[in-house]
Amino acid sequence: KQRLLCECASAADAERWLALAAEHELDLALAGGRGLEEIASTLAERSIVVVLDLDAGEEVKVEDEKKRGGEWSYVEPLALRQEKRRIWEGRRDAAIALERAGVRLLFGSRGRKAAELLDSLRGLVERGFPKERALAALTVDAAEFLGLG
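Report on the accompanying structure.

What counts as what
- Here the residue numbers are simple positions, counted from 1 along each chain's written sequence.
- With the structure being a predicted model, the display of local features is reserved for residues of pLDDT at least 70 and the display and counting of side-chain atom pairs for 80 or more, all residues being used for whole-chain, interface and lining totals.
- Computation of side-chain values: all heavy atoms of the structure, hydrogens and water removed.
- Nonpolar cores are built from buried Ala, Val, Leu, Ile, Met, Phe, Trp, Tyr and Cys residues. Side-chain atoms within 4.5 Å join them into one set.
- Here the term buried applies to any residue with accessible area under 20% of the maximum for its type, exposed to any over 50%, and partly exposed to those in between, with areas from a 1.4 Å probe on protein chains only.
- Put simply, DSSP H or I for four residues or longer makes a helix, DSSP E for two residues or longer makes a strand, and each gets a number counted from the N terminus.
- Any two residues whose heavy atoms approach within 4.5 Å are treated as being in contact.
- Planes of paired rings set the category: under 30 degrees apart is stacked, over 60 is edge-to-face and the rest tilted, where pairs are Phe, Tyr or Trp rings (Trp by its six-membered ring) whose centres lie within 6.5 Å.

1. Some points on the nonpolar core
By size, the foremost hydrophobic cluster in this structure holds 28 residues, and its most contacted members are Leu43, Leu105 and Phe107. Secondary structure elements with two or more residues in this core: α1 (11–24), β2 (27–31), α2 (40–45), β3 (49–52), α4 (94–100), β4 (104–107), α5 (114–126) and α6 (131–138). Ranked by residue count, the leading element in this core is α1, at four residues. Discounting chain neighbours no more than four positions away, the residues touching Phe107 are Leu52, Leu54, Ala95, Leu117, Leu121, Leu124, Phe129, Ala134, Ala137 and Leu138. Counting seven residues, the second-largest nonpolar core is a separate cluster that includes Ala31, Val51, Ala142 and Phe145.

2. Notes on the packing of aromatic side chains
For the coordinates displayed, the defined rule picks out one aromatic pair. Taking 5.7 Å as the distance between ring centres and 65° as the angle between the ring planes, the aromatic pair formed by Phe107 and Phe129 counts as edge-to-face. With Phe107 in strand β4 and Phe129 in the loop between α5 and α6, this residue pair connects regions lying 22 residues apart in the sequence. Judged by relative accessible area, which is 8%, Phe107 ranks as buried. Under the relative-accessibility criterion, Phe129 is labelled buried at 3%.

3. Some remarks on unusual backbone geometry
With phi around 55°, Ser47 is a residue other than glycine that occupies positive phi space. In the Ramachandran plot, Leu54 falls in the positive-phi region, its phi being about 60° despite a non-glycine side chain. Tracing the chain through its elements places Leu54 in the loop between β3 and α3 (78–92). Note on Leu54: relative accessible area 16%, which makes it buried.

4. Some remarks on the side chain of Asp141
Tracing the sequence through the fold places Asp141 in helix α7 (residues 140–145). For Asp141, a relative accessible area of 13% corresponds to the buried category. Ignoring sequence-local partners within four residues, the contact set of Asp141 consists of Arg104, Leu106, Arg133 and Ala136.

5. A few points about the side chain of Glu99
Summarising the element assignment, Glu99 is placed in helix α4. Not counting the four nearest positions on each side in its chain, Glu99 is found in contact with Leu105, Phe129, Pro130 and Arg133.

In structure tokens form, the structure reads like this:
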């Protein structure tokens, strides 16, 4: 079987890659992908490796409105700010949901500095991602995936 690493932007992209891999008997791995936790059970059942960069983007904060010295400035409605925060938290914590579902994860920098990836990984561990899985995803599992282990 040939291994194919496919970039995906959504669960729908991943499902298309899964169908192609099944049709052509390919060993599939996915890179990226927002919303993969929606199909986590399928990914786990099919032993699909997912490579994440842990970049959830800039943190979305829901702050109280404050008067700005009499000056008017636009403030998004609270419900919109809360929804943006919910979506950001989902991206931030997607690795936790995938790991809990049994999906094999690897982490990559995708052009970011290694220190940024490690900072993101530390935050992930603080929020409940198993420390031993994080270490394996960066080392042993990654080497095995590349055929080096």
